[in-house]
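Analysis of the macromolecular model
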Amino acid sequence: DVQGSGRVEVYYNGTWGTVCDNSWDIRDADVVCRMLGYTHALQATCCGKYGKGKGKIWLEGVTCTGEETNLFNCTHRGWGKNRCRHREDAGVMCANTTGKKIYFIYRQKIAIKYL
């Protein structure tokens, strides 16, 4: 039973932006889903499945082991360093809420803040 799904957007340096799907996989999606208060990811989506974002593309080449508690602890090319377009926006399908949602889902956007 899918509890939450959408395009992944992150808030950094006062601006919301998307995550590019280059190297995006289920381990990365698991980390995002756990941050959102779900137990795990059902799918890591690519290709702007949940619509194309606007503005900044903050992250590309995100590589998580799947054990991280925060997406921002995963490696990536650097904030704002990418060769991507919004047609490559990453998304997630999450399942089994734990009931403690720290972040939010709004209109197919999975939004997480860099704290």
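This is a predicted model, so every value here is computed, not measured. (Residues numbered from 1 in each chain as written. Predicted model: local features only at pLDDT ≥ 70, side-chain atom pairs only at ≥ 80, totals over all residues. Heavy atoms only, no water.)

So, on to the pattern of salt bridges. Across all of its chains, the model carries 4 salt bridges by this definition. Measuring nitrogen to oxygen at the nearest pair gives 2.8 Å for the salt bridge that ties Glu9 to Arg7. Using a relative accessible area of 11% as the deciding quantity, one classes Arg7 as buried. Close ionic contact of Arg77 with Glu60 constitutes a salt bridge, the shortest N to O distance being 3.0 Å. Of this pair, Arg77 sits in the loop between strand S4 (56-59) and strand S5 (91-97) while Glu60 sits in the loop between S4 and S5, and the two are 17 residues apart along the sequence. Of the residues examined, Arg77 reaches a relative accessible area of 40% and is grouped as partly exposed. Linked by salt bridges that have partners in common, Glu60, Arg77 and Arg83 make up one network. (Salt bridge = Lys/Arg side-chain N within 4 Å of Asp/Glu carboxyl O. Buried < 20%, exposed > 50% of the residue type's maximum accessible area, 1.4 Å probe, protein only. Helix = DSSP H or I, 4+ residues; strand = E, 2+ residues; numbered from the N terminus.)

This paragraph deals with the nonpolar core. Of all hydrophobic cores here, the largest spans 22 residues; its most connected members are Val19, Trp24, Val62, Leu71 and Val92. With 5 residues, helix H1 (residues 26-35) is the single largest residue contributor to this core. (Core = buried A, V, L, I, M, F, W, Y, C linked by side-chain atoms within 4.5 Å.)

Before going further, it helps to spend a moment on the state of the cysteines. Taken as a whole and assessed by the stated rule, the structure comprises 4 disulfides. The residue that forms a disulfide with Cys20 is Cys84, at a sulfur-sulfur distance of 2.1 Å. The sign of the -85° torsion about the S-S bond sets the Cys20-Cys84 disulfide as left-handed. A residue pair is termed long-range when its members are at least 10 positions apart, and Cys20 in the loop between strand S2 (15-19) and H1 and Cys84 in the loop between S4 and S5 qualify at 64 residues. Using a relative accessible area of 1% as the deciding quantity, one classes Cys20 as buried. Using a relative accessible area of 11% as the deciding quantity, one classes Cys84 as buried. For Cys46, the disulfide goes to Cys47, at an S-S distance of 2.3 Å. One disulfide, between Cys46 and Cys47, carries an S-S torsion of -70° and so falls in the left-handed class. (Disulfide = S-S within 2.5 Å.)

The next subject is the packing of aromatic side chains. Scanning all chains against the criterion turns up 5 aromatic pairs. Each ring, one from Tyr11 and one from Trp16, has its centre 4.9 Å from the other, and the planes form 55°; the classification is tilted. Ring centres 5.8 Å apart and planes at 80° place the aromatic pair Trp58 and Trp79 in the edge-to-face group. On the criterion of sequence distance, the pair formed by Trp58 in strand S4 and Trp79 in the loop between S4 and S5 is long-range, its members being 21 residues apart. Among the residues examined, Trp58 registers a relative accessible area of 7% and is labelled buried. Connected via pairs of aromatic rings, a cluster forms that spans Tyr12, Trp58, Phe72 and Trp79. Lys56 extends its terminal NZ or CZ atom over the ring of Trp58, reaching a point 4.9 Å from the ring centre. (Phe/Tyr/Trp six-rings, centres within 6.5 Å; stacked < 30°, edge-to-face > 60°. Lys NZ or Arg CZ within 6 Å of the ring centre and 35° of its normal.)

By themselves, these are just geometric observations and shouldn't be taken as functional.
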